Every structure is written in structure tokens, then in C-alpha cells.
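One letter stands for each residue in the lines below.
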Amino acid sequence: MTGIIADTKAIQYHIGLSTQMLCGAQYAFLPGDPDRVNPIAAFLDDARELTQHREYRSALGYVDDIPVLVMSTGIGAPSTGIAIEELARLGVTHFIRLGTTGAIQPHVHLGDLIISEGAVRLEGTSGHYAPIAYPAVPSLALTLKLIEATKLRDFPYQTGITCSSDSFWPGQERYDSFSGYVPRHLQGSLEEWQRLGVLNFEMESSALFTIARTFGLHAASLCGVIALRTQSEAVQQNVYAQVKERLAIVAREAVRLHHQAHGTPL
Ligand code: URA
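The structure displayed is predicted, hence computed values, not measured ones. (Residues numbered from 1 in each chain as written. Predicted model: local features only at pLDDT ≥ 70, side-chain atom pairs only at ≥ 80, totals over all residues. Heavy atoms only, no water.)

**Q** Can you lay out the pattern of salt bridges for me, pointing to particular residues and giving the numbers?
**A** For the coordinates displayed, the defined rule picks out nine salt bridges. One salt bridge in this structure joins Arg-252 and Asp-45, with 3.2 Å as the shortest N-O distance. Placement of Arg-252 in helix α7 (residues 240-262) and of Asp-45 in strand β2 (residues 45-53) is noted, with a sequence separation of 207 residues between them. Judged by its relative accessible area of 29%, Asp-45 falls in the partly exposed class. (Salt bridge = Lys/Arg side-chain N within 4 Å of Asp/Glu carboxyl O. Helix = DSSP H or I, 4+ residues; strand = E, 2+ residues; numbered from the N terminus. Buried < 20%, exposed > 50% of the residue type's maximum accessible area, 1.4 Å probe, protein only.)

**Q** Which residues make up the state of the cysteines, and what are the values?
**A** One pass over the structure, following the stated rule, counts zero disulfides. This cysteine, Cys-163, is not joined by any disulfide, and Cys-223 carries the nearest cysteine sulfur, 12 Å off. (Disulfide = S-S within 2.5 Å.)

**Q** Can you break down the pairing of strand β7 (residues 157-165) residue by residue, with the values?
**A** Each regular strand carries side chains that alternate between the two faces of the sheet. Inspection of the sheet shows strand β6 (residues 113-122) paired to β7 by nine bridges, in the parallel sense. Across the sheet, the residue bridging to Gly-118 is Ile-161, located in β7. Pairing of β7 with strand β8 (residues 198-202), which is carried by four bridges, proceeds in the parallel orientation. Looking across to β8, one finds that Cys-163 is bridged to Phe-201. At this point the chain moves from β7, through helix α5 (residues 189-195), to the parallel β8, and the crossover so formed is right-handed. (Pairing = 2+ DSSP bridges. Right-handed = clockwise from strand over helix to strand, strands pointing away.)

**Q** An account of the nonpolar core is needed here, citing residue identities and associated values.
**A** Ranked by size, the top nonpolar core spans 33 residues in total, and within it Phe-29, Leu-98, Leu-146, Leu-222 and Val-255 carry the most contacts. For this core, the leading source of residues is α7, giving nine residues. Contact partners of Val-255, with chain neighbours within four places excluded, come to Tyr-27, Phe-29, Val-63, Ile-66, Val-68 and Ile-96. Membership of the second largest hydrophobic core comes to 27 residues, among which are Leu-60, Phe-95, Leu-208 and Leu-217. (Core = buried A, V, L, I, M, F, W, Y, C linked by side-chain atoms within 4.5 Å. Contact = heavy atoms within 4.5 Å.)

If you want it as C-alpha cells, here you go:
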């Protein structure tokens, strides 16, 4: 069976949005946390909240006259997959994840931005879209604009491979969990990813990259470092505000640059 069979006119079941509500937005900023939607949208022009259903809070704003949707994905790959499915039906073509992350390389600092060049698919959702041999890679054009925007603003950043895990504790080899146990097959995994040059752990990018690619759409990932896993398992809440601001500023700038270079996306 080929062709688009989803009902693209209806209010989408999980995210509570319709084509009409998006006002033609083809760019979407995707933080995980619903509480980050309005603060990020505040960096856009004429921002207003649209709706909230389950973990999906949404707002619409503009970069110059380009409409941009901001919508939370919730935590992890399954809810991110649902977000991409339903936004794609509504005409979104360019997805920028704006997340938080734990760095696993010693040269990375708190507050640094990490722009992913690819992601380890340590989650199950993307495997429902493409075999595990399929690479989780972002859009080169969008990623280059994130780098350019970050440089323009002079924020500290790193580019490299991200590991997207299906769990916050064992999959990221954290021992401060309820049981304190990490199954044998994941013991030593943090060191292995380090030795393979992986920069950071988070939970959404590989599903986003894989699903967007299989749809012929474009995705990129920008994350702020809130944990230094070479030093501690804890997240450092005191960098949240700085990270949130940096993500919003860079994403806005990247849309402007991308639109300037490529025109109306499609
Ligand atoms: N998000 C993660 O998935 N891991 C971290 O360490 C921090 C944020």
C-alpha cells in the first residue's frame, strides 16, 4: 500500500492540533518538557499558546514572518514518534529537537550545546520504522544552520555522536536508581560509548532522526548539557535557565538562516 492514508484534516488524536491551528508552520521546535514550551516560544514574535493534550503542549510564534510551532514531545522515543507522525500529517517538514543531555566526554562542560551528527539507536521505537542497520542521521542542511547560529551567538558547543537511550537509569548506566542494579549487558556501557567517541546521552534524537528520514523529512538536534557523567550521575538544575535560553536563541537564529538559504521548506 502506498500514499498518504492518514486523515490530515482532523484534529490529531494525541497532540490536539489541526492544520488550521498551525497557520502553515513547517518548522517545529521540539523540547521534551511541556514547561519549556512557553519560555522557548517567548523568543519568537507574536507567540501564543495553542493547546495541551497529554504530554504535548504547543505554542505558535514567528521568526520574522515564518510561522514556527513549539511543541513538547514528552520524555523518550515512543512519545516523540507520535509527535513526528502527527505533525508530519499537518505539514511540518523541519523538526528541531531542543533538549537537555548528560555529557560523557571529559572535555564537555555544563551549559555547552551539543549538536548531533548522528545518534546511537539505543531505543525501540525507531526499530518499528526501519531496521537497526539504518542510520539515525540528522538533516545536514538544518544541522549546519544550527552550527552557524551557535557560532554567531558565540555559545560554547560540541558536535558529534549522541546516544539515545530508552531509559534514564540503566540505559545510561546510572546506579542511583531504585534497585541500584544495572543489568549485566549494560554494565560498562558508558565507558564503551566513551571509547567509541560518543559525546552524550539523551532519549529522543535517534527516533526523531530515523522517523523523519524514513518520511523524507528533515530533523536536527540541539541539546544543552545539564549533567557531567564523568563526574556525577546528578543533573545540575542550576544550568537549566541558561540552557533553555541558549536553545531558544540558537533555534530562532537557525530558522532565519535556513529560510534565507533554502526558502520555504518542502
Ligand atoms: N537527559 C538524559 O537523558 N540524561 C541526562 O543525563 C540528562 C538529561
